[in-house]
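Okay, here's what each chain looks like letter by letter:
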Amino acid sequence: MSVEINARKKFELKPGPATREAFGRALVELGHENKDVVVVDADLSKSTMTNYFAKEFPERFFSCGIAEANMVGVGAGLAMAGKIPFVASFSVFVMNKAFEQMRVCSAYGRSNLKVVGTHSGISIGEDGPSQMSVEEIALACSLAGYVVIAPADEASCKALVKAAAAYDGPVFIRTGRPKAPVVHAPGQKFEIGKAVEVAAGKDVTLIANGLLVAQAMVAADLLEAEGVSVRVLDMHTVKPLDREAIARAAKETGAIVVAEEHLVDGGLGVRVAQAVAETSPCPMEFVGLHDRYAESGQPEELLEHYGLVGKDIAETARKVLGRK
Amino acid sequence: MAKSIEELQEIAKRVRRDIVTMITAAKSGHPGGSLSAVEILVELYFNTMRIDPANPKWADRDRFILSKGHAAPVLYSVMAERGYADTPKEQLNSLRKLGSVYQGHPDMRYIPSLEASTGSLGQGLSLGMGMALAARLDARPSRIYVMLGDGEIQEGQVWEAAMAAAFHKVDNLVAIVDYNQIQLDGFVKDIMEVAPLADKWRGFGWNVIELNGHDPAAVRAAFEAAAAAKGKPTVLVAHTIKGKGVSFMENNPKFHGVAPTQDELKLALQELN
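Since the structure is predicted, the reported quantities are computational estimates derived from the model, not experimental observations.

If you had to explain the nonpolar core to someone new, which residues and values would you point to?
Counting residues in each nonpolar core, the largest one holds 204 residues, and the members touching the most others are Leu206, Ala216, Met217 and Ile256 of chain A together with Leu236 of chain B. No other element matches the 9 residues that helix α9 (residues 212-224) of chain A contributes to this core. Once you skip the residues sitting within four places of it in the chain, Ile256 of chain A turns out to touch Thr205, Ile207, Ala249, Ala250, Val272, Val276, Cys282, Met284 and Val320 of chain A.

Before we move on, can you summarise the interface of chain B and chain A with the specific residues and values?
At the interface, 21 residues of chain B touch 23 residues of chain A. Among the secondary structure elements, those contributing two or more residues to the side of chain B that touches chain A are α5 (124-137) and α6 (156-167) of chain B. Its residues assigned to classes, the side of chain B that touches chain A comprises 12 nonpolar, 8 polar and 1 charged.

Describe the sheet that holds strand β15 (residues 256-263) of chain A, with residues and values.
Residue and element names in this part refer to chain A. Strand order across the open sheet formed by 5 strands is β11-β13-β12-β15-β16, with mixed pairing between neighbours. Looking at the sheet topology across the chains shown, the edges are occupied by β11 (196-199) and β16 (284-289). With direction set aside, neighbouring strand axes in the sheet form an average angle of 25 degrees. One ladder, built from 3 bridges, connects β11 with strand β13 (residues 230-234); its direction is antiparallel. Counted as the bridge partner of Val196 is Asp234 from β13. Relative to β13, helix α10 (residues 243-253) is tilted by about 170 degrees, and along the sheet it contacts β12 (204-208), β13 and β15. Packing against the sheet, helix α11 (residues 268-279) makes contact with β12, β15 and β16, and its axis sits at approximately 150 degrees to β15.

Could you give me a rundown of the pairing of strand β7 (residues 114-118) of chain A, with the residues and numbers involved?
All names here are of chain A. Judged by how many residues are buried, β7 sits mostly within the fold: 5 of 5 residues are covered. As defined by bridge partners, strand β6 (residues 84-90) adjoins β7 across 5 bridges and the pair is classed as parallel. Each bridged residue has a counterpart across the sheet, and for Phe90 the counterpart in β7 is Thr118.

How would you explain unusual backbone geometry if you had to name every residue and give the values?
Here Lys239 of chain A and Pro240 of chain A are connected by a cis peptide whose omega angle stands at 0 degrees. Tracing the sequence through the fold places Pro240 of chain A in the loop between β14 (237-239) and α10. In this chain, Ala195 of chain B is followed by Pro196 of chain B through a cis amide linkage whose omega measures 0 degrees. In this structure, Arg96 of chain B is a non-glycine residue whose phi angle is positive, near 70 degrees. Relative to the assigned elements, Arg96 of chain B resides in the loop between α4 (72-82) and α5. For Lys169 of chain B, which is not glycine, the phi dihedral falls at a positive 55 degrees. Topologically, Lys169 of chain B is positioned in the loop between α6 and β3 (173-179).

Lay out the packing of helix α4 (residues 68-80) of chain A against α6 of chain B with the relevant residues and their values.
The geometry of a pair of packed helices is captured by two quantities: the angle between their axes and the separation between those axes. With their axes 8 Å apart at the nearest point, α4 of chain A and α6 of chain B run at an angle of 70 degrees to one another. Considering their axes alone, α4 of chain A and α6 of chain B lie roughly perpendicular with respect to each other. Two packed elements cross with a definite hand, and for α4 of chain A against α6 of chain B that hand is right-handed. Side by side, α4 of chain A and α6 of chain B meet where Ala69, Asn70, Gly73 and Val74 of chain A of the first sit next to Gln157, Glu160, Ala161 and Ala164 of chain B of the second. Considered class by class, the residues forming the contact of α4 of chain A with α6 of chain B number 4 nonpolar, 3 polar and 1 charged.

About the cut-offs
Residues numbered from 1 in each chain as written. Chains lettered and ligands numbered in written order. Predicted model: local features only at pLDDT ≥ 70, side-chain atom pairs only at ≥ 80, totals over all residues. Core = buried A, V, L, I, M, F, W, Y, C linked by C-beta atoms within 7 Å. Buried ≥ 20, exposed ≤ 12 C-beta atoms within 10 Å, placed from the backbone. Helix = DSSP H or I, 4+ residues; strand = E, 2+ residues; numbered from the N terminus. Contact = placed C-beta atoms within 7 Å. Nonpolar A, V, L, I, M, F, W, Y, C, P; charged D, E, K, R; others polar. Pairing = 2+ DSSP bridges. Axes fitted to C-alpha atoms, helices over the stretch in contact; angles between N-to-C directions. Parallel < 35°, antiparallel > 145°, perpendicular 65-115°, else oblique. Left-handed = near helix turned anticlockwise from the far one by under 90°.

In structure tokens form, the structure reads like this:
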């Protein structure tokens, strides 16, 4: 049964296409729109979904084999010669194995490189911790001049991949393996650096990105049922941060929970906290991974086991409300 | 209007004087690997490369990447000789000083005519391969030249790029290994042997040309042969002498990364007269 709460329809956790799938589809559209869009991959095209682009535009797709450092360097070279290259691999590999190449050849040596990490977070599931990327937001944000994006669902991912292509400068986009619940209304517009208010409310704000936006919506419904008015922001762009939306949330709701599928060290939470501290300080709590690696399992059970689902976010919100 | 070999030798002599002078003024820097690369850079910038210093962003230009970025002084001096507006000759002695365009390692933020900001070893060949692929996609005549150090090729990424460039048949890409046999800690053979160099590159699918990197005619001929090679990238294994031109620096590991004193500069300039 669907009930109206504060004029908002109850959120339904309904799986949509994975964000990596949305990325792959967006790339093909970009390929048709702009002949300068090229793709470099490191033997994971069937998983990163760049294989759609490879099939459509074989002459603009470059396989680098299992060699992420070279992949990023080749991508940067293509960018320096006027192309709009997307390089893609699992987040954990591209960010950890090619971090220095990203730093020297695209951040410091500012080039128009788009790096897309797929299979992010612990929701890659059964493959386990060696494949789980839980630190790449922190690393990406430490690259001066980088734009860092973590979309929540198909529509936002497609739109933000296209926005990244149109933007002149280095961008990192974090996508995931599992099906991503649809969180955004049809027709919603997405802009780099501009948070989307997914639910309006005045008692507490839940700020999330990636898969946890949907979980924040689940939490919002749990809290609304208790009479708490909850605002939910999809902070799809971690850098540059939408400080205005954050300051407004701090001021108007007076309590904030940040939820992310990432280590709490250096992720979205600490960046939001910095913005809150600098604008309108208020009590904050954080949902994420606390100084540990996860394990193999199914995506949904892992999110639940590691405390990253709606009920965990709701419980954390109750805690922050108690501090108001 | 190609320069004669004699004219290039005169330029090379001036470049060597610049190198030791600017590094002495900076009180730090890398003279040895700058002096070993002089003839190659002079040939590239004054003859081999299709470039227009008055129009440094010309889309059809050839490009040079100094992957061994610590040899920045030789690149700065050669570009200054060639007349790029953003590499003023009168500022060469500001090398490594606060506010100078002549950063310790090549930095495009200060010198836009550079093709890449380098300094962390092992990355230039990948960049060059990307640029070469872009030229091929756009059917441009551009050729990309990447200079690597012999110590630098101990970096694994170089061989990732070597494998990939041959696989993709990037024949508008030329690597030059400045094979001067010395790296920071000592002789390459004692730190991490890279020989047999020609066999390694050949094994990775490259067209290999070995030459004396200080013989201007041999350097020119090698670049011409590289341009004629189709279907695979070419590497020039350039046998050179670290510190070439200054007797007390030649083959002396000390001068990999130590600046000459004022007295040593005086001696060096006498020898380079």
